[in-house]
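Descriptive structure summary
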Amino acid sequence: MPKKLLLLPLLCASSTLRAPRARPAARPAMNAARTGYRVFSANSTAACTELAKRITERLGAELGKSVVYQETNGETRVEIKESVRGQDIFIIQTIPRDVNTAVMELLIMAYALKTACARNIIGVIPYFPYSKQSKMRKRGSIVCKLLASMLAKAGLTHIITMDLHQKEIQGFFSFPVDNLRASPFLLQYIQEEIPNYRNAVIVAKSPDAAKRAQSYAERLRLGLAVIHGEAQCTELDMDDGRHSPPMVKNATVHPGLELPLMMAKEKPPITVVGDVGGRIAIIVDDIIDDVESFVAAAEILKERGAYKIYVMATHGILSAEAPRLIEESSIDEVVVTNTVPHEVQKLQCPKIKTVDISLILSEAIRRIHNGESMAYLFRNITVDD
């Protein structure tokens, strides 16, 4: 018993003499690790990563470490160089001229992040490819729906895009889609960069674009004009199966089948509904790719008395000979956003101007990660935009 009594104070003394172990100071974590999300670029070309760099600068984050490249046999390879376990991952993919390569880069990176145990994988695709193939054309297919299924299968859980060619495309996806609008930025450009814009009129180059033009005109308190009777077929006039099967001479008809005779469509002469004489004409659309229709519209507007002509669109794809045709046309300025890289086209044609939309994309990323409402980004936005 005495030995036990002697040992007890010794143990207590030893416990009081031992200084409590101080916790090591927390190391400053990386911005991505602290905020719980990372931003990656799925492009293998330097020109296409410019938008991703602008977005990360606004977020105060660093671009995720990854390698995307094409092997000698043409296959795409993606390597993620850091841990993404339990993180919200945003993949920024701008679409260059090589659309199919960009799609494969996005799919492979999404699948790589999925297998690396990322919590959520959000695709930031400012211009959604194949959006013009969202309707059945004869014996074709709805490629846009196929792409939506592929993205879901690869592991994407959310998409941020901008000005879908058809808003119904959102119904192709099994996960949320935020379809942002570029109209606030284009409207701001009109008000700040176009001298005497109060003397302008908003023009729809076809009846199909009349709703978008009307939305712009109402918010700017300007007049509206619509060009009707284009020489080329519009998208809605393309064959969509109603003219199938083709007409065959001496075709046998079932004696009991008597269908009403369908009158063939015939376009009227080109007319401009609205007054553009002595005005600035601003043509608005969502995509400017083949510019022949815009050049033809500009010529008609010049004949009707417009003294300056602007073309404004969200996505400036500007394929083929578009820069040369714009430079040689009556168009004074083409204004597009940087949803699609077009630096080469700007060097070929000084009439092309760019509006930066990285602000709204970065704010969308921040709100989605923090679980905040997206309603603020759609203030005063109409369905027709």
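Residues numbered from 1 in each chain as written. Predicted model: local features only at pLDDT ≥ 70, side-chain atom pairs only at ≥ 80, totals over all residues. Heavy atoms only, no water.

In the annotation of an unreviewed UniProt entry, the protein is listed under the name Phosphoribosyl pyrophosphate synthetase associated protein 1 and assigned to Canis lupus dingo. Note on the protein: under the UniProt heading Sequence similarities (unreviewed entry), the record states "Belongs to the ribose-phosphate pyrophosphokinase family." What UniProt records for the protein under Subunit (unreviewed entry) is the sentence "Binds to PRPS1 and PRPS2." (UniProt positions renumbered as here; feature names shortened; annotations may be inferred.)

1. Things to note about the nonpolar core
Ranked by internal contacts, the top residues of the largest apolar core, which has 48 residues, are Ile160, Leu180, Ile202, Ile282 and Leu361. Once you skip the residues sitting within four places of it in the chain, Leu361 turns out to touch Leu51, Ile55, Val124, Pro126, Ile160, Met162 and Leu180. Counting 29 residues, the second-largest nonpolar core is a separate cluster that includes Val68, Val84, Leu107 and Ile121. (Core = buried A, V, L, I, M, F, W, Y, C linked by side-chain atoms within 4.5 Å. Buried < 20%, exposed > 50% of the residue type's maximum accessible area, 1.4 Å probe, protein only. Contact = heavy atoms within 4.5 Å.)

2. A look at the packing of helix 4 (residues 99-115) against helix 5 (residues 143-154)
The interhelical angle for the contact between helix 4 and helix 5, taken along N-to-C directions, is 25°, at an axis separation of 8 Å. As far as their axial angle goes, helix 5 and helix 4 are roughly parallel. Side by side, helix 4 and helix 5 meet where Val103, Leu106, Leu107, Ala110, Tyr111 and Lys114 of the first sit next to Leu147, Met150, Leu151, Lys153 and Ala154 of the second. Along the lines of polarity and charge, the residues of the contact of helix 4 with helix 5 split into 9 nonpolar, no polar and 2 charged. (Axes fitted to C-alpha atoms, helices over the stretch in contact; angles between N-to-C directions. Helix = DSSP H or I, 4+ residues; strand = E, 2+ residues; numbered from the N terminus. Parallel < 35°, antiparallel > 145°, perpendicular 65-115°, else oblique. Nonpolar A, V, L, I, M, F, W, Y, C, P; charged D, E, K, R; others polar.)

3. Thoughts on unusual backbone geometry
Positive phi outside glycine occurs at Asp163, with the angle close to 50°. Relative to the helices and strands, Asp163 is located in the loop between strand 6 (158-162) and strand 7 (177-180). The class of Asp163 is buried, set by a relative accessible area of 5%. Backbone geometry at Arg221 places phi at a positive 60°, although glycine is not the residue there. With respect to the helices, strands and loops of the structure, Arg221 is situated in the loop between helix 7 (210-220) and strand 9 (223-228).

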